[in-house]
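# Structure assessment
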Amino acid sequence: MTATLARFIGASCLLLLAVAGVRSAAASGTATTGVAAAWTFQAPFEEYTNNAPVAYHEGLVFAGFCTNQSGLVALNASTGAKVWSVSQNVSGEGACAYGTAASGGRVFVSGSFAMNAFNASTGAHLWSTEAPQYADGEGIITANDGATIVVLFPEEAVIAFSAKTGGIEWAYEPSSILPRQTPVYDETTRRVFLANRNGSITAIDASSGAWLWAAPAGSGLVAEMRGLAAACGVVVTPDFAEDQLIGISAANGTALWTSSFPSPFAQPLASPSCALFAVSILPSVGAFDVRSGLPTWRVANNFTGSYARPAVAGGVLWTVGSDLVTAFNTSTGAVLGAAAATYSENSAPKYATTDERGTMVYFRSFGTLYAFARRAGSA
């Protein structure tokens with residue numbers, strides 16, 4: 001057994017012990033206040049493995065389903081009531097509608113061999129673009145002020161589509177295999193960043209798709225699962241093996257800083273305000289200045305470890321742990337509330353999404369969408 005593998009197994013065992021401790025604390029009534037389950041939505045058809053991100057836009061939540069009858073659904077973000085849905089032909093010839101993104105009154109869904117766009121309010125189909133040589137487009141982000149949709153097709157390519165017309169603007173096909181991780185975009189440098197399986201990071205011009213640089217980053221342990229964060233001219237990668245976060249210049253790939261943080265397995269999140277948030281598979285969450293790596297605050301041992309990228313808006317940071325959903329004050333780290341949550345077996349959520357005010361959080365586990373909300377009057 002390699003040392004890195006032993007480290008990963010050891011951390012997993014510690015996570016189980018940590019979760020048990022948190023459950024005891026929650027049972028005392030001190031943890032599960034201030035936040036409550038709001039609604040759930042169950043896909044009305046067979047659901048295959050799919051924990052792709054859901055999207056929030058103007059009071060609606062959107063999710064694509066990987067099913068034998070591929071579909072896209074729009075739900076009222078407050079109540080979970082279905083507003084509209086598309087049950088077929090969302091993803092081309094394949095049977096999966098994977099990641100979703102929304103901006104400018106449009107919702108975009110990537111799938112098997114195709115990209116589609118719909119009117120976010122009505123569900124009217126706007127355009128479809130086939131990508132017959134590529135399968136299973138999972139990671140999807142917006143770039144260039146929402147004018148470009150960038151999609152990762154794992155192990156094959158990254159493709160940029162025009163948000164308005166669906167035309168392919170560029171395609172980047174790397175020499176190495178791309179892992180199943182959502183790309184990230186830095187508005188300051190207008191670049192897209194990819195995590196590579198060899199532990200390096202690649203920078204691509206968001207307008208042209210031109211390769212700009214590649215840089216090593218950390219130990220490379222489970223790099224195929226490691227997600228990135230980017231903001232304010234810095235791209236951040238977690239280094240699970242060395243219990244640290246690494247900040248790299250978005251301009252040229254040079255190392256800027258390292259900051260200690262335990263077992264950062266989940267994808268971190270960086271905000272336009274230059275705040276960086278990281279969560280651990282052990283019970284720890286922290287805030288940092290993305291430009292310097294200096295910690296702002298850190299909270300441990302009062303919530304469960306997380307594999308999910310957090311979500312932030314309106315001064316609230318949401319984390320989705322192994323059995324607990326928690327809201328934090330982004331400035332101080334104060335716990336605003338938490339609530340117990342139960343997911344499908346062996347299907348821990350990977351991404352959290354919030355509304356523009358940070359009042360609710362949304363995530364998925366297989367065919368179920370979950371929504372939690374801060375209680376009225378909570379601090």
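This structure is a prediction, so every number in the text was calculated from the model and none was measured.

The next subject is the pairing of strand 11 (residues 148-153). Of all 6 residues that make up strand 11, 6 are buried, and the element is covered over most of its length. With burial as the criterion, each face of strand 11 is covered, one bearing Thr 148, Val 150 and Leu 152 and the other bearing Ile 149, Val 151 and Phe 153. With 5 bridges connecting them, strand 10 (residues 139-143) and strand 11 associate as antiparallel partners. Residue pairing in the sheet places Gly 139 in a bridge with Leu 152 of strand 11. Counted along the chain from strand 10 to the antiparallel partner strand 11, the turn is 4 residues long, and its residue Asn 144 has a positive phi close to 55 degrees.

Counting through the fold element by element, Ile 141 comes out in strand 10. The buried category is assigned to Ile 141, whose relative accessible area is 14%. On a C-alpha basis, the gap between Ile 141 and Thr 100 in space is 8.3 Å, while along the polypeptide they are 41 residues apart. Those residues in contact with Ile 141, other than ones at most four positions away along the chain, are Thr 148, Ile 149, Val 150, Thr 182, Pro 183, Val 184 and Tyr 185.

Confidence in the prediction for the protein averages 80 pLDDT; 75% of positions are at 70 or higher. Here helix 1 (residues 3-27) stands out as the least confident element of the protein, with mean pLDDT 35; strand 26 (residues 311-313) is the most confident, with 97. Low pLDDT (under 50) marks residues 1-31, which in the prediction has 32 contacts with non-local residues, meaning those over four places away or in another chain.

Bringing the nonpolar core into the picture now. Formed by 17 residues in total, the largest nonpolar core has its most connected members in Trp 318, Val 320, Val 325, Tyr 343, Val 361, Phe 363 and Phe 372. Listed by contribution, the elements that provide at least two residues to this core are strand 27 (316-320), strand 28 (324-329), strand 29 (335-340), strand 31 (360-365) and strand 32 (368-374). A total of 3 residues in this core trace back to one element, the largest contributor, which is strand 27. Discounting chain neighbours no more than four positions away, the residues touching Val 361 are Trp 318, Val 320, Val 325, Ala 352, Thr 353, Thr 354, Tyr 370, Ala 371 and Phe 372. In this structure, Trp 39, Ala 43, Val 73 and Ala 77 belong to the second largest nonpolar core, which totals 16 residues.

Next up on the list: the sheet that holds strand 13 (residues 168-172). If you trace the 4 strands from one edge of the open sheet to the other, you get 10-11-12-13, paired in antiparallel fashion. Looking at strand neighbours, the two that pair on one side only are strand 10 and strand 13, the edges of this open sheet. In this sheet, neighbouring strand axes are inclined to one another by 20 degrees on average, regardless of whether the strands run parallel or antiparallel. The sheet contact formed by strand 11 and strand 12 (residues 157-162) spans 6 bridges and is antiparallel. Considered in strand 12, the bridge of Thr 148 is made with Ser 162.

Once that is clear, we can look at the pattern of salt bridges. Inspection of the entire model under this criterion finds 3 salt bridges. Notably, a salt bridge pairs Arg 190 with Asp 145, separated by 3.4 Å at the nearest N-O pair. A residue pair is termed long-range when its members are at least 10 positions apart, and Arg 190 in the loop between strand 14 (184-186) and strand 15 (191-195) and Asp 145 in the loop between strand 10 and strand 11 qualify at 45 residues. On the accessibility criterion, Arg 190 (29% relative accessible area) is partly exposed. The exposure class of Asp 145 is exposed, given its relative accessible area of 64%. Across the pair Glu 187 and Arg 190 runs a salt bridge, and its minimum N-O distance is 2.6 Å.

About the cut-offs
- Residues numbered from 1 in each chain as written.
- Predicted model: local features only at pLDDT ≥ 70, side-chain atom pairs only at ≥ 80, totals over all residues.
- Heavy atoms only, no water.
- Buried < 20%, exposed > 50% of the residue type's maximum accessible area, 1.4 Å probe, protein only.
- Helix = DSSP H or I, 4+ residues; strand = E, 2+ residues; numbered from the N terminus.
- Pairing = 2+ DSSP bridges.
- Contact = heavy atoms within 4.5 Å.
- pLDDT = per-residue confidence, 0-100.
- Core = buried A, V, L, I, M, F, W, Y, C linked by side-chain atoms within 4.5 Å.
- Axes fitted to C-alpha atoms, helices over the stretch in contact; angles between N-to-C directions.
- Salt bridge = Lys/Arg side-chain N within 4 Å of Asp/Glu carboxyl O.

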